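As a plain string of letters, each chain reads:
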Amino acid sequence: MKATLFVSKSLVVSVLFTFYSAFADNSFTAPKGYSIETISLPENTKMNIAGLDVASNGDVYAATRLGEVWVLKGGADISNTTPIWRRFADGLHEVTGLLVDDDSIMVAQKPELTRLVDTNSDDIAEQYLRVVKGWKFHNNYHEYHYGPVKDNEGNYYAALNLAHGGKTSLAMMGSDGGWRGWMYQVNTKGEFVPYASGLRSPAGIGISPSQELFFTDNQGDWIATSKLHYVEKGKFYGHPASLIDHPDYSFDKVHNMTAGDFAALAEPPTVWFPHREVANSPGNPVWDTTDGQFGPFAGQMFIPDYTFSSIFRVMLDKVNGQYQGAAMNFMDGFQSGNIRIQFDDNGQLWVGQTARGWPTRGNKPFGLQKVVWNGEQAFELQNIKLTRAGFSLTFTDTIDETSVVPDAFSIHQWRYRYSKEYGSPKLDEQIIEVTDTVLSEDKKTINISLPLTPNRVLSIAFDGIAANSQQTPSTTELFYTLNQVIH
Amino acid sequence: MRLSCRLLFTLFLGVCIGVNVSAQSEVNGTTSLSLDAQLDEELRALSIDKTTLAQGKNKYILYCLACHAKDLSGGNGFNLKDGVWVHGNRPSDLFNSVSRGFLAQGMPSFKDILSENDRKQIVAYVMSKREGFDNLTYEVYALDSNDDTSLVGKTPIKTGKLHDNLMDFTIPEIKEFGVVFEGDFYTYNDQPTRFRMGGRAFDLMTLEIDGESVEKLWKKGWNPTWLLKPGKQYIKLTYLSSKNPDYLDTNFLGYVTPEDGSIKYFATTARAQGLMANRTYNIEAKAHPVLQRKKIHKLPAGTISVGLPEKVNFAFDPSKCAINALWVGDFLNIGPNIDRRTGDPSLPLSEFIFFAPNGISPSQGNCEYLGYARNQNIRFNYLLNGIDVSLSANSLEKHRISFIFEIKKLDVDGENKKMTFSLPDIPSLKYLSEDGAIDELGWSFYPKENTSFKLDVLVSKDSS
């Protein structure tokens, strides 16, 4: 039976302004065995962290919106109980990305990608070197600069936020040219290479252990809800303002195109993050490369969310050769807006935080925390994969077979509208009934059957599922982006 | 007597010792209401007279700045441009305050220090700098419903005077309300300014200036904005909460801005005043030069500014390899640029002597910026016509800055191409160089003839 339910009455404006109501529930989620530790900060400075990385020697580098870079010497070294902060650099223009690159530090500041070099090993940078030229900054406050990340061949990737307004604004965000709204590459010859277009406010870039590039983008005009994209060179990811710099387009051409024209060009998001449900302002994706030091999610993607002050998981699923997948909350209750995360070599997940200009659930103005795992096994959803008949959900422990019944699941689906409007309501929302459930022999995987419709986002809640130990998962709802069914 | 008092006054921040303070005020017992009214009229006329204002400014700098700040924002003495007037807000009140002084608070009687004419010039200047509302009142009305869009026939449920002269949108305290703020309003005489409110530009926020309704500069979107008349005017702002979406925060921000909206001059609402108060984050060069790469008012994107401990400051534009601003005094307030979403520019703490597009700029050829080095000093590195150049600056004495161009490596063909830099033609600047020629085209030298070339820029002391 199909029934239309949960029809969202949210107007676009309410999407924009009522997310405080998402915070009405003051309870916090954390899987068993995980806890948050708060790091003391240097005094008398504004530590709005928006760039974060950990060096192989355990030094933790944090870049701030004030324009400073600080290093917590040996901060990731578990035996070091009194790490000290040193100010590594200052005077930069709102740094929103940082990479430890062998012996130097790269920062994405608003007007420049800059390499900071400490030439005399005193933990203070003496050289501030421009890495590449070729793009432009026009003093618009929203022209943030994210990254860089580096691939194994030595290429760097960074992303250029659109301007607020701007000459080519087709709605709210625009471009005054100079490759705004693009991801760019700095190749091994040091050249600027425009890499992919259609980005709006791509606050997080990540490169996977298998060298695949991803970025997150924020809900807004032309972006129905926040999302993750797998990035391929030359492709267009949805926001039209960037196209004015594309060699095949022009200002006039872009302004004479329709939403349908742009939709035909745009790549589908790899994973949608439903607004007010899993993320409102996602940061950078990282992969759990800790070989089990961080628990049962090895190899999976984690992303911080600024508004929710949370970290969520993304489970990628390759279907017909294309990535899609699911997002679900991992932990919340952080003290400030989570914008950057990074694993260290000891299995700790560092969290760089700021709360300025936009509201956050955590009430501190800025901060640095880390998530640690004490080795306790939690009963959680470990992974989800699409099957021909439905989905296969794998848990971290054996499941109580009496809990595995269709009624243990509640599923509904919807789609989004692609338009110049700010965000999208849920369209064609429907309840989907699970028709069958089968528990695997090892009792860790449930295969569910249900009717599948491509181009839908599915909310899959599994409140009825319990472990043999009668433990229940800390999070019982995921959001799967079903771009395609299996051919 | 006048000189010694002036020195003492400046040195002791307003406590003028040894001044013969007359117990008998010039105005005490001799002025009548009509005389004060005459004085008010005279001072109002002087406050829009350019010659008087120039003279008044000079005297203000000499006699008042130490306590009341160069921009009149106050220090040991009161803020002289806001809406709070402890000793009376009429021009004659101001004149009498200057004349009589407040010795217990450290302000001498200027009657014995300055002539009547000098005091009038100072008062006229202070009046010309007046900002915001005066005699501001409010009326709050209850609306019948969310559809009620008229105040006609209604009686206010609450009225009063706002002693801080800031519109306070928390006063209504009911869900469906109309509010009217009105009073005298002062803005600058010497440039166009705008009256901007935060929030959506609803039709139900309207502005009257001197009794006439004024059109918003744009009808849709955010931040309803109106063009102000110069100087003094009477403003009536009416706002009805009807048809508000629930999310709208009606505790509005309000500011006066320049015509391009690039900065906020002063607040017009209580909430905005609170935010403005937290927007000071001054960067100061102490033992070593400091550097800030920030959005700076009037300077191009990407500009890098440097403050030297000797309080000489300059800015460098990497896109043109040009020194594109110079100022003497305190360095930079980056507060507006690190507040909230960072839309507003950092503010130099004294006036530019020159700024972009004026500059000490390479007159020809290509420039490619490479970066800068920071040790004890700051050194900008770039390629100019293929020649590897570094630029640093120092100041060995007050009001003098030396720019040093070092040739790190000549271009590949090693030609001795003449390098020329434009020099801003500013009366308060004098250029000297023993390492190159200075003529009407600017400063030039031949890079092969030396490894280091110095340009001295002397700043007239009057310009700071």
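About the cut-offs
Residues numbered from 1 in each chain as written. Chains lettered and ligands numbered in written order. Predicted model: local features only at pLDDT ≥ 70, side-chain atom pairs only at ≥ 80, totals over all residues. Heavy atoms only, no water. Helix = DSSP H or I, 4+ residues; strand = E, 2+ residues; numbered from the N terminus. Buried < 20%, exposed > 50% of the residue type's maximum accessible area, 1.4 Å probe, protein only. Contact = heavy atoms within 4.5 Å. Lys, Arg positive; Asp, Glu negative; His and termini not counted. Charge placed at Lys NZ, Arg CZ, Asp CG, Glu CD. Patch = residues over 30% accessible without salt bridge, like charges linked within 9 Å, V, L, I, M, F, W, Y side chains within 5 Å. Areas by Shrake-Rupley, 256 points an atom, 1.4 Å probe, with all protein chains shown as cover. Salt bridge = Lys/Arg side-chain N within 4 Å of Asp/Glu carboxyl O. pLDDT = per-residue confidence, 0-100. Domains from an automatic or database assignment. Polar contact = N/O pair within 3.5 Å; in protein donor to acceptor, adjacent residues only side chain to side chain. Phe/Tyr/Trp six-rings, centres within 6.5 Å; stacked < 30°, edge-to-face > 60°. Lys NZ or Arg CZ within 6 Å of the ring centre and 35° of its normal. Axes fitted to C-alpha atoms, helices over the stretch in contact; angles between N-to-C directions. Parallel < 35°, antiparallel > 145°, perpendicular 65-115°, else oblique. Left-handed = near helix turned anticlockwise from the far one by under 90°. Nonpolar A, V, L, I, M, F, W, Y, C, P; charged D, E, K, R; others polar. Pairing = 2+ DSSP bridges. Buried area = accessible area lost by both parts, 1.4 Å probe.

## Some thoughts on the overall build of chain B
Move 1: Summing up its helical and strand segments, chain B has seven helices and 27 strands in all.
Move 2: Each of the three principal axes of chain B carries a C-alpha extent, and together these read 85 × 65 × 35 Å.
Move 3: Taking all 464 residues of chain B together, 51% fall into the buried category.
Move 4: Taking all contacts inside chain B whose residues are at least 6 apart in sequence as the whole, residues at least 24 apart take part in 62%.
Move 5: Computing the positive centroid from 53 side-chain charges and the negative centroid from 56, chain B places the two 3 Å apart.

## Points about a nonpolar patch on the surface
Move 1: A cluster of nonpolar side chains, Phe78, Val84 and Val86 of chain B, forms an exposed patch at the surface whose accessible area comes to about 280 Å².
Move 2: Mapping Val86 of chain B onto the fold places it in the loop between helix H4 (65–68) and helix H5 (91–100).

## Observations concerning the confidence of the model for chain A
Move 1: Model confidence for chain A is summarised by a mean pLDDT of 93, while 95% of its residues fall at 70 or above.
Move 2: Per-residue pLDDT stays below 50 along residues 1–22 of chain A; that stretch engages in 38 contacts with residues further than four places along the chain or on separate chains.

## Topic: the domain arrangement of chain A
Residue and element names in this part refer to chain A.
Move 1: Split into domains, chain A comes out as domain 1 (3–373) and domain 2 (381–482).
Move 2: Here the C-alpha centroids of domain 1 and domain 2 sit 28 Å apart.
Move 3: Taken together, the contact between domain 1 and domain 2 spans 51 residues of the former and 34 residues of the latter.
Move 4: Applying the counting rule to domain 1 against domain 2 returns two salt bridges.
Move 5: Linking domain 1 with domain 2 are 18 residue pairs in polar contact (both at pLDDT 80 or more).
Move 6: Elements supplying a minimum of two residues to the side of domain 1 that touches domain 2: strand S1 (3–4), helix H1 (12–17), helix H3 (259–265), strand S20 (271–273), strand S23 (310–319) and strand S24 (322–331).
Move 7: Tallying contributions element by element places S24 first for the side of domain 1 that touches domain 2, with six residues.

## Overview of the packing of aromatic side chains
Move 1: Counted by the stated rule, this structure contains 62 aromatic pairs over all chains.
Move 2: Measuring from ring centre to ring centre gives 5.8 Å for Tyr372 of chain B and Phe380 of chain B, while their planes differ by 65 degrees; the resulting arrangement is edge-to-face. Each member of the pair, Tyr372 of chain B as well as Phe380 of chain B, carries the same accessibility label: buried.
Move 3: Through pairs of rings, three or more aromatic residues link up here, namely Tyr34, Phe294, Phe297, Phe302, Phe330, Phe343 and Trp373 of chain A.
Move 4: Looking at Lys426 of chain A, its charged tip hangs above the ring of Trp414 of chain A, at a distance of 3.8 Å from the centre.
Move 5: Its guanidinium or amino end placed over the ring of Tyr255 of chain B, Lys264 of chain B lies 5.1 Å from that ring's centre, counting from NZ or CZ.

## Things to note about the packing of H5 of chain B against helix H6 (residues 116–128) of chain B
Each packed pair of helices is defined by two parameters, the angle between the axes and the distance between the axes.
Residues and elements named next belong to chain B.
Move 1: In contact at an axis separation of 10 Å, H5 and H6 are set at 130 degrees when each is read in the N-to-C sense. For the element pair H5 / H6, the angle class is oblique. Crossing of H5 against H6: the hand is right-handed. Judged by residue contacts, Pro91, Leu94, Phe95, Val98 and Ser99 of H5 engage Glu116, Arg119, Lys120, Val123, Val126 and Met127 from H6.
Move 2: Split by residue class, the contact of H5 with H6 holds seven nonpolar, one polar and three charged.

## Some details on unusual backbone geometry
Move 1: In this structure, the amide linkage connecting Gly147 of chain A to the following residue, Pro148 of chain A, adopts the cis form with an omega of -5 degrees.
Move 2: Its place among the elements puts Pro148 of chain A in strand S11 (residues 145–150).
Move 3: Here the phi dihedral of Asn135 of chain B falls at roughly 55 degrees; this positive angle occurs in a residue that is not glycine.
Move 4: Positive phi, normally seen in glycine, also occurs at Asn223 of chain B, with a value near 55 degrees.
Move 5: Residue position: Asn223 of chain B is located in the loop between strand S6 (212–214) and strand S7 (225–227).
Move 6: Owing to a relative accessible area of 30%, Asn223 of chain B belongs among the partly exposed residues under this scheme.

## Topic: the pairing of strand S8 (residues 104–109) of chain A
Regular strands show a simple pattern: their side chains alternate between the two faces of the sheet.
All names here are of chain A.
Move 1: Burial analysis of S8 places six of its six residues in the buried class, which makes it a mostly covered element.
Move 2: Here S8 shows two buried faces, one formed by Ser104, Met106 and Ala108 and the other by Ile105, Val107 and Gln109.
Move 3: Hairpin connection of strand S7 (residues 98–101) to S8: two residues between the antiparallel strands, including Asp102 at a positive phi of 55 degrees.
Move 4: Pairing of S8 with strand S9 (residues 112–117) involves five bridges; the strand directions are antiparallel. By the bridge assignment, Val107 is partnered in S9 with Thr114.
Move 5: Linkage of S8 to S9, two consecutive antiparallel strands, is achieved through a turn of two residues.

## Description of the environment of Leu237 of chain B
Residues and elements named next belong to chain B.
Move 1: Within the element layout of this structure, Leu237 appears in strand S8 (residues 232–240).
Move 2: The buried category is assigned to Leu237, whose relative accessible area is 0%.
Move 3: Remark: the alpha-carbon pair of Leu237 and Lys430, spanning 193 residues in sequence, is separated by 50 Å.

## Brief notes about the sheet that holds strand S18 (residues 213–217) of chain A
Within a beta sheet, neighbouring strands are joined by backbone hydrogen bonds and run either parallel or antiparallel to one another.
All names here are of chain A.
Move 1: Spatially, S17-S18-S19-S20 is the arrangement adopted by the four strands of the open sheet, whose pairing is antiparallel. Single-partner strands in this sheet number two, and they are strand S17 (204–207) and S20. Taken over all neighbouring pairs, the strand axes of this sheet differ in orientation by 15 degrees on average, direction set aside.
Move 2: In terms of strand pairing, S18 meets strand S19 (residues 226–230) through four bridges, oriented antiparallel. Opposite Phe214, over in S19, you have Tyr230 as the bridge partner.

## As for the pairing of S8 of chain B
Residues and elements named next belong to chain B.
Move 1: Where strand S3 (residues 177–186) meets S8, nine bridges bridge the pair, whose relative direction is antiparallel. Its bridge partner being in S8, Val180 is matched across the sheet by Thr238.
Move 2: Bridge count for strand S5 (residues 205–209) against S8 is five bridges, and the pairing is antiparallel. Across the sheet, Met205 pairs through a bridge with Tyr239, a residue of S8.

## Digging into the interface of chain B and chain A
Move 1: Every contact between the two is made by 29 residues of chain B and, on the other side, 31 residues of chain A.
Move 2: For the pairing of chain B and chain A, the buried interface totals around 2,500 Å² over both sides, and the portion due to carbon and sulfur atoms is 50%.
Move 3: Taken together, chain B and chain A are joined by three salt bridges.
Move 4: Between Glu112 of chain A and Arg293 of chain B there is a salt bridge, and its shortest N-O distance comes to 2.9 Å.
Move 5: Summed over the shared surface of chain B and chain A, the number is 15 residue pairs in polar contact (both at pLDDT 80 or more).
Move 6: Of all the secondary-structure elements, those providing two or more residues to the side of chain B that touches chain A are strand S12 (290–293) and strand S19 (367–374) of chain B.
Move 7: Per-element accounting of the side of chain B that touches chain A gives the leading share, seven residues, to S19 of chain B.
Move 8: By residue class, the composition of the side of chain B that touches chain A is 13 nonpolar, seven polar and nine charged.

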